[in-house]
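# Report on the structure
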Amino acid sequence: MSLLPEGCIANVISCTTPRDACRLSLVSSIFKSAAESDAVWERFLPPEYQSIISKSSPCPPSSSSPSSLLCLPSKKELFLSLCDHPILIDDGKKAFSLDKQSGKKCYMISARDLMIVWGDTPTYWRWTSLPGTRFQEVAELICVCWLEMRGKISTCILSPGTHYTAYLVFKLTAGSYGFECQPVEVSVGLVGSESQKRSVYLDAIRGRRMQYRLGRRVGLFNRSRSLGWQASLPRENDDHHPKERGDAWLEVELGDFYNAGDEDGELEMSILEVRAGDWKGGLIVQGIEIRPKQ
C-alpha cells in the first residue's frame, strides 16, 4: 500500500463516505494525508454547494456571513461546518445542512413555509420568536379543534438515491392540552400519488400519566392486568411517540420516502387531527425536518 501514490488513495477514499474517510485516516500516515485532502472532501460536498452558500443567510444566533464558509482553509472544515451549523436558504424559509455520516443533503421547512389552517388568525395561532430555533419565527397554537398542517419540498433538491425520513420538530407548553391521549394522523408521499399514513402521539408523557390514572380509577389493580397495561405504554424506542433532540426540541417521525432522483416531483408531509373535534392548544411548531434515514 505504501507504493500507491497519495492521489490514487485519495481517489479511492472519495468513493466511500465521510464516516469511512475518517476511519481510513487511521490506517497510516499516507492514508491520513489522502483522507484529509480537498480532493476527497470536495466529492462529499453537493455539486451545487457554492451556489447554495452564496444565496444563503446565517441561522440565528450566528451573525457570521455564510459566504465566509467559502474562505475556510479546507474543504473538510467547510463540510463539517455545514453539518454542525445549518444555513438559511429560500429567503429564510428553509434551513440547509449536511448529514455528517453520509454527506447527504438535509432540510428543515420553517413553520412559516408550512400551510397551517387558520395560521394567520390570531385567535387560533400566534407567531413568536424563541431562542434556540433556526428561524426568526415559530408558530404557537392557541386553541383549535381542527389541526391541519402541510409542508412541501421539491424532490429535485434532495440527494438522489437516498432514503429520507421526515420529522415534525415541535415543543409543548406547560399548559398544553388536547394531545394527551388523542393521536394525530400524519402522512408522507409525492403529490398526486398515494401517501403512507400512520398515527402518532405528540404528548406521550402526559398521555402515559393519564392512562395510569385512568387505569387506577377503573380498578386495574391485579397483577395480570397491571402487566397488560404496562405493555401498552409508549416505549422509549417507539417511533410513534416523540423523542427529545440534542437542541432540546422534540421530534416525531412522520414517515419515509425514497428519492430515486430520476424524476422531478413534490414531496408532501401532513399532520392532521380533524376527526375527534376536541379542542387543543399549547403546540409550538418550528418546522418539518427531512434527513437521511439512519
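Just so it is clear, the model here is predicted, and its values are computed rather than measured. (Residues numbered from 1 in each chain as written. Predicted model: local features only at pLDDT ≥ 70, side-chain atom pairs only at ≥ 80, totals over all residues. Heavy atoms only, no water.)

With that settled, consider the overall build of the protein chain. When its secondary structure is counted, the protein chain shows eight helices and 15 strands. The buried share among the 294 residues of the protein chain stands at 43%. Once local pairs closer than 6 in sequence are excluded, the contacts in the protein chain between residues at least 24 apart make up 70%. Element-wise, carbon and sulfur atoms account for 52% of the exposed surface of the protein chain, whose accessible area totals about 15400 Å². (Helix = DSSP H or I, 4+ residues; strand = E, 2+ residues; numbered from the N terminus. Buried < 20%, exposed > 50% of the residue type's maximum accessible area, 1.4 Å probe, protein only. Contact = heavy atoms within 4.5 Å. Areas by Shrake-Rupley, 256 points an atom, 1.4 Å probe, with all protein chains shown as cover.)

Right, let's talk about the confidence of the model for the protein chain for a bit. Interpreting fine coordinate detail is not advised for predicted regions of low pLDDT. On average, residues of the protein chain carry a pLDDT of 88, and 87% of them reach 70 or more. This model gives residues 210-237 a pLDDT under 50, and the stretch forms 17 contacts once residues within four places in sequence are excluded. (pLDDT = per-residue confidence, 0-100.)

Time to look at the pairing of strand β8 (residues 147-154). Here strand β5 (residues 115-116) runs beside β8; their pairing, made up of two bridges, is antiparallel. What sits directly across from Met115, in β8, is Arg150. Taken together, the eight bridges between β8 and strand β14 (residues 266-273) define a ladder with antiparallel strand orientation. Counterpart to Lys152 in the pairing with β14 is Glu268. (Pairing = 2+ DSSP bridges.)

Now for the sheet that holds strand β11 (residues 196-200). Taking strand neighbours across the sheet as the criterion, the five strands line up as β5-β8-β14-β10-β11 in an open arrangement whose pairing is antiparallel. With one partner strand each, in any of the chains shown, β5 and β11 form the two edges of the open sheet.

Okay, the nonpolar core next. Trp125, Leu147, Leu168, Leu254, Met269 and Leu283 are the most contacted members of the largest nonpolar core, which has 56 residues in total. The two domains that each donate at least three residues to this core are domain 1 (1-44) and domain 2 (92-292). Leu88, Phe135, Val138 and Ile284 belong to the second largest nonpolar core, which has nine residues in total. (Core = buried A, V, L, I, M, F, W, Y, C linked by side-chain atoms within 4.5 Å. Domains from an automatic or database assignment.)

Taken as a whole and assessed by the stated rule, the structure comprises 20 salt bridges. For Glu48, the salt bridge goes to Lys105, with nearest N and O atoms at 2.6 Å. Of the two residues, Glu48 sits in the loop between α4 (38-44) and α5 (49-54) while Lys105 sits in strand β4 (residues 105-110), which places them 57 residues apart along the sequence. Among the residues examined, Glu48 registers a relative accessible area of 31% and is labelled partly exposed. The partner of Glu289 in a salt bridge is Arg245, and the shortest N-O contact between them spans 2.9 Å. (Salt bridge = Lys/Arg side-chain N within 4 Å of Asp/Glu carboxyl O.)

Another aspect to go through is unusual backbone geometry. At Asp91, a residue that is not glycine, the phi angle is positive and equals roughly 55 degrees. Locating Asp91 in the fold gives a position in the loop between β2 (87-89) and β3 (94-98). Under the relative-accessibility criterion, Asp91 is labelled exposed at 76%. Backbone geometry places Ala248, a non-glycine residue, at a positive phi of 75 degrees. Residue position: Ala248 is located in the loop between β12 (243-244) and β13 (250-259). A relative accessible area of 43% places Ala248 in the partly exposed class.

A complete count under the given rule lists five aromatic pairs for this structure. Three or more aromatic residues joined by ring pairs form one cluster here, namely Trp41, Phe44 and Phe79. Here Arg112 stacks its cationic end above the ring of Trp127, 3.9 Å away from the centre of that ring. The residue whose ring lies beneath Arg291 is Tyr167, and the NZ or CZ to ring-centre distance is 3.9 Å. (Phe/Tyr/Trp six-rings, centres within 6.5 Å; stacked < 30°, edge-to-face > 60°. Lys NZ or Arg CZ within 6 Å of the ring centre and 35° of its normal.)

Summarising the element assignment, Ser270 is placed in strand β14. For Ser270, a relative accessible area of 2% translates into the label buried. In this structure the side chain of Ser270 is engaged in a polar contact, spanning 2.5 Å, whose partner is the side chain of Ser187. Sequence-distant contacts of Ser270, that is, excluding residues within four places in its chain, are made with Met149, Arg150, Glu185, Val186 and Ser187. (Polar contact = N/O pair within 3.5 Å; in protein donor to acceptor, adjacent residues only side chain to side chain.)

Right, let's talk about helix α1 (residues 6-13) for a bit. Within α1, burial applies to Ile9, Ala10 and Ile13. Buried residues of α1, seen end-on, are gathered within an arc of 100 degrees and therefore sit on one face of the element. In α1, the exposed positions angled more than 90 degrees off the buried face are occupied by Gly7 and Val12. Buried positions along α1 lie against α2 (18-24), α3 (29-35) and α4. (Arc of directions from axis to C-beta.)

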